[in-house]
Amino acid sequence: MAQRYFLDPKGVETARIQGRPGAGHIEIAREVLPQHGVVPGNDKETYLQMFNLKFVRILENDDGSVEVEHGAALTAAQKRAIEEFKRQQRVVDIIRRIVEP
């Protein structure tokens, strides 16, 4: 099963507090955002809100490839986490989203 999580600005993986393992990014974001004083919006807004807080969306696929999606510039800690995927010889697809203030 694919692993879905966010990396915070310190490079720490988010952890699901409630719900089923492997829950989607939207469900994870709806738990994380209130911890940062943000009321989650609709699905699209929720991703943008996470990106505005400098979180990076990670999807580790069953085939070993990794999808990395972010808005703000990656922090040094996030870059290190991504470099670790590459050191493991995994295919890493980095997607930069334009985030409006």
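Right, let's walk through the structure included here. (Residues numbered from 1 in each chain as written. Predicted model: local features only at pLDDT ≥ 70, side-chain atom pairs only at ≥ 80, totals over all residues. Heavy atoms only, no water.)

1. Topic: the overall build of the protein
Then comes step 1: In terms of helices and strands, the protein carries 3 helices and 4 strands.
Then comes step 2: Buried residues in the protein amount to 41% of all 101 residues.
Then comes step 3: A separation of at least 24 residues holds for 47% of the contacts in the protein among residues at least 6 apart in sequence. (Helix = DSSP H or I, 4+ residues; strand = E, 2+ residues; numbered from the N terminus. Buried < 20%, exposed > 50% of the residue type's maximum accessible area, 1.4 Å probe, protein only. Contact = heavy atoms within 4.5 Å.)

2. As for unusual backbone geometry
Then comes step 1: In this structure, K54 takes a positive phi of about 70 degrees despite not being glycine.
Then comes step 2: Position of K54 relative to the elements: it lies in the loop between helix 2 (43–52) and strand 2 (56–60).
Then comes step 3: A relative accessible area of 44% places K54 in the partly exposed class.
Then comes step 4: Phi is positive for Q89, which is not a glycine, with a value near 65 degrees.
Then comes step 5: On the secondary structure map, Q89 appears in the loop between helix 3 (76–87) and strand 4 (92–96).

3. Concerning helix 1 (residues 25–35)
Then comes step 1: H25, I26, I28, A29, E31, V32 and L33 are the residues of helix 1 that are buried.
Then comes step 2: Summarising the contacts, the buried residues of helix 1 are in contact with strand 1 (3–7), helix 2 and strand 2.
Then comes step 3: Just past helix 1, the residue G37 takes up positive phi, approximately 75 degrees.

4. Remarks on the nonpolar core
Then comes step 1: Formed by Y5, L7, V56, I58, V66, V68, L74, I82, F85 and V92, the largest nonpolar core amounts to 10 residues.
Then comes step 2: The contacts of L74, once residues within four sequence positions are left out, are V56, K79 and I82.
Then comes step 3: Residues F6, A29, L33 and F55 belong to the second largest nonpolar core, which totals 7 residues. (Core = buried A, V, L, I, M, F, W, Y, C linked by side-chain atoms within 4.5 Å.)

5. A word on the packing of helix 1 against helix 2
Axes are the key here: two packed helices are described by the angle between their axes and the distance separating the axes.
Then comes step 1: Here helix 1 crosses helix 2 at 60 degrees, and the two axes come no closer than 10 Å. Judged on the interaxial angle alone, helix 2 and helix 1 are oblique. The element helix 1 and its partner helix 2 pack so that their crossing is left-handed. From helix 1, H25, I26, A29, R30, V32 and L33 reach across to helix 2, where they touch D43, T46, Y47, Q49 and M50.
Then comes step 2: Here the residues of the contact of helix 1 with helix 2 are counted per class, giving 6 nonpolar, 3 polar and 2 charged. (Axes fitted to C-alpha atoms, helices over the stretch in contact; angles between N-to-C directions. Parallel < 35°, antiparallel > 145°, perpendicular 65-115°, else oblique. Left-handed = near helix turned anticlockwise from the far one by under 90°. Nonpolar A, V, L, I, M, F, W, Y, C, P; charged D, E, K, R; others polar.)

6. Points about the pattern of salt bridges
Then comes step 1: Under the counting rule described, the total for this entry stands at 7 salt bridges.
Then comes step 2: For E69, the salt bridge goes to R97, with nearest N and O atoms at 2.4 Å. Note that E69 is positioned in strand 3 (residues 66–70) and R97 in the segment after strand 4, a separation of 28 residues in sequence.
Then comes step 3: One salt bridge in this structure joins K86 and E83, with 3.7 Å as the shortest N-O distance. Separated by 3 residues within a single helix, K86 and E83 lie in helix 3, roughly one turn from each other.
Then comes step 4: Taking the relative accessible area as the measure of exposure, E83 reaches 38% and is therefore partly exposed.
Then comes step 5: Salt bridges sharing common partners tie together R57, E67, E69 and R97. (Salt bridge = Lys/Arg side-chain N within 4 Å of Asp/Glu carboxyl O.)

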